[in-house]
Amino acid sequence: MTQKPAEAVDYIQPLYINGLNGRMLYYPASKAGAGREILLIYGHHAMLERWWGLVENLHEYGNVTMPDLPGFGGMDSFYKIGRRPTLDAYADYLAAFIKMRYRNRRVTLVGISFGFLVITRMLQRYPELAKKVDLVASIVGFMHRDDFSFPPRTRRSYAILARFFATLPAALIIRYGFLSRWVIRSLYVRLPAGRRRFLAMEPEAFEAMIDFDVKLWQRNDVRTHWFTTSEFLNIDNCRAQIPLPIWHVAAKVDYYFDNYIVEQHMRVVYSDYHKSVMNSPAHTPSPLSDKKEAAIMIPLALRRALRN
């Protein structure tokens, strides 16, 4: 009898923390002796199911836990408890989760893009937690507003526009006026990021990708999406050092960041720097990536570090 392939939904459970309801994915290690406790923090515009292929790769090295972030993946937003979704708020949330989940256990932290910003700020605000961490990995993470590859004036304009979209009236108009399947399908494929992602897709894959992207937009809180966008467009995470080495995975082709400048900023904050490059034609692989396709996100050097 053929065994049913594992699916993300089989490993998702409810999460209640700090007055907020969300979900958490926990996938046990694939083999005995893979003793790491790996905490994966996803990036912007995300939900647990998006990173299932990466989770399947990581669980070869230990137990993998991935919690929702407030305002993402369908979780309650910080606005529910009267708090703005600042990077400091996410750092406090992550610290609370680690204290609740791991207590006397050590943990490996893996952050994807925006998720890595959260990890870094958390380690800066809670330096005592660095003693619990045995490895920090960044997958296309960044540190500073100057890491972006587009001109400063353009970045500042984007940040101002994002903060306007984060106001309640604008967010309501966007959510109920622009996040239908028809609008997303019509507009997204005309934007540069959409054209790059969908150009080489077969029609069936294209429609599946659109369906998934619609789900992402509708499951994530609009105000949170745009407020956090304005936050990271103005970010400076280079104000406090962290006594840990960083294992950074950069995209070979990244339209958002200058990998050289990212490296310089990581060297300022972390005690040592190790770099690998994933052969991805975009900032991250497709949200529909399976285990094989997502494997490029863990290059050989990082795999060796995870085995140790």
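Remember, it's a predicted structure, so these values are computed and weren't measured experimentally.

## Considerations on the side chain of Arg36
Here is step 1: Residue position: Arg36 is located in strand S3 (residues 36-41).
Here is step 2: Setting aside residues no more than four positions away along its own chain, Arg36 makes contact with Tyr61, Gly62, Asn63, Thr108, Asp134, Leu135, Ala305, Leu306 and Asn308.

## Points about the pattern of salt bridges
Here is step 1: Throughout the structure, instances matching the rule amount to 15 salt bridges.
Here is step 2: Taking the shortest distance from any N to any O, the salt bridge between Glu37 and Arg105 comes out at 3.3 Å. Here the residue Glu37 occupies a position in strand S3, and Arg105 occupies one in the loop between helix H2 (87-101) and strand S5 (107-112), the gap between them amounting to 68 residues.
Here is step 3: Given the relative accessible area of 11%, Glu37 is considered buried.
Here is step 4: Accessibility expressed as a relative area gives 37% for Arg105, which makes it partly exposed.
Here is step 5: What you see here is one network of salt bridges that share partners, running through Arg83, Asp88, Asp92, Arg121 and Arg125.

## Examining the environment of Ala305
Here is step 1: The residue Ala305 is located in helix H12 (residues 300-307) in this model.
Here is step 2: Residue classification places Ala305 among the buried positions, given a relative accessible area of 6%.
Here is step 3: Ala305 sits 259 residues away from Ala46 along the chain, and the two C-alpha atoms are 26 Å apart.
Here is step 4: Once residues lying within four places of it in the same chain are set aside, the contact partners of Ala305 are Arg36, Leu135 and Trp247.

Here is what the cut-offs are and how they apply
Residues numbered from 1 in each chain as written. Predicted model: local features only at pLDDT ≥ 70, side-chain atom pairs only at ≥ 80, totals over all residues. Heavy atoms only, no water. Helix = DSSP H or I, 4+ residues; strand = E, 2+ residues; numbered from the N terminus. Contact = heavy atoms within 4.5 Å. Salt bridge = Lys/Arg side-chain N within 4 Å of Asp/Glu carboxyl O. Buried < 20%, exposed > 50% of the residue type's maximum accessible area, 1.4 Å probe, protein only.

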